[in-house]
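Survey of secondary and tertiary structure
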Amino acid sequence: MTEFKRLCDIVAKLRSPNGCPWDREQTNATLVPPLLEEAYEVAEAVSAQDDANLREELGDLLLLIAMHAQIASEEKRFDIDEIAREVSEKLIRRHPHVFGKSEARGSEAVVRQWEAIKREEKKVDAHYLASLPIALPALMRAEKAQKKAARVNFDWRELRDVIAKVEEELNETKSADEIGDLLFAVVNLARKCQLEAESSLQAATDKFVARFNEMEDRLRARGGKLGEANLEELDAIWEEIKKDARS
C-alpha cells in the first residue's frame, strides 16, 4: 500500500458511519475556507524557507484534497483516481514540447502555447481572459490579468509610462471606482518592477505591524496607553522608530 492510498483509506474511514462526527458533517462547501487557509500556510512556509513546516502544511493541504475527493466519491460524482487521471492527461496535452512534437522553447513560448491549448479545449467562451479565475484575491487577479494581456503585447513598453498612469489615476481619485483604477495601476507598476503586488503588500503590512507593535511598546514604557494617547504623540514615536530603522 502506498502512503497516498493509506491516506485516502484513513479519510474514507473518518467519513464512514463509524468514523469522526466532525469529518462526516463536512461538505465540499464547508471545506473551502480551510482549503484556502492551508494554501496560504503553504505559501508562508515556502517564504520562510522552513522545510519541516512546508512538509507539514503540504500534508494538511493534501488531506483536504483527499477529503474533497472522498465526499465527491460518496455522492457518485467522481473519485480521486479520476482527478489524478484527468490532471495527468491535461499535463500531457498541454506539454506537447515534452510529450509531443511541438518546437516551443523557453518559458514565454511554453506559457503562450499552454494558453492557446487551454482556450482550444474550453471553447465555452472564446475571449482571451475568459479563464481568469474570479475567486482569486483582487491583487493576484489583477496581476494575472495584466500578465496574460502582456503575453499578447497589450502592455506598457516603458516604466515611465506606468508611473505616469499611476500619477494620472491618483489625480483622478474621487470615487470608489477611481480608487480601484489607482490600485490596478499600482499593481501594474509592481509587475513592471518585477515584484508581486500581493507579496509586496504582505511585506508592507508586516512592516506596519512590526512598527505598530514597537510603537505600542515604547508608548507603554512611557506610561502611555493605546486609545488614550493622541495622534501627535503616536506620530512622534512612529517617526522615532523610522529614524532608528534608518540608522
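In this report, the structure presented in the accompanying data block is examined. (Residues numbered from 1 in each chain as written. Predicted model: local features only at pLDDT ≥ 70, side-chain atom pairs only at ≥ 80, totals over all residues. Heavy atoms only, no water.)

1. Examining helix α7 (residues 107-122)
- Between its first and last C-alpha atoms α7 spans 22 Å; for 16 residues at 1.5 Å apiece the expected length is 22 Å, and the two agree.
- Where the residues of α7 are buried, they touch α5 (80-93), α6 (96-99) and α8 (138-151).
- Phi for Lys 123, located one or two positions after α7, is positive at around 60 degrees. (Helix = DSSP H or I, 4+ residues; strand = E, 2+ residues; numbered from the N terminus. Expected span 1.5 Å × (residues − 1). Contact = heavy atoms within 4.5 Å.)

2. Notes on the environment of Lys 5
- Among the secondary structure elements, Lys 5 is positioned in helix α1 (residues 3-15).
- The spatial distance from the C-alpha of Lys 5 to the C-alpha of Glu 167 is 56 Å, given a sequence separation of 162 residues.

3. A short note on a negative patch on the surface
- A contiguous patch of negative charge, built from Asp 81, Glu 82, Glu 86 and Glu 89, is present on the exposed surface.
- You can see Glu 86 is positioned in helix α5.
- A relative accessible area of 59% places Glu 86 in the exposed class. (Patch = residues over 30% accessible without salt bridge, like charges linked within 9 Å, V, L, I, M, F, W, Y side chains within 5 Å. Areas by Shrake-Rupley, 256 points an atom, 1.4 Å probe, with all protein chains shown as cover. Salt bridge = Lys/Arg side-chain N within 4 Å of Asp/Glu carboxyl O. Lys, Arg positive; Asp, Glu negative; His and termini not counted. Charge placed at Lys NZ, Arg CZ, Asp CG, Glu CD. Buried < 20%, exposed > 50% of the residue type's maximum accessible area, 1.4 Å probe, protein only.)

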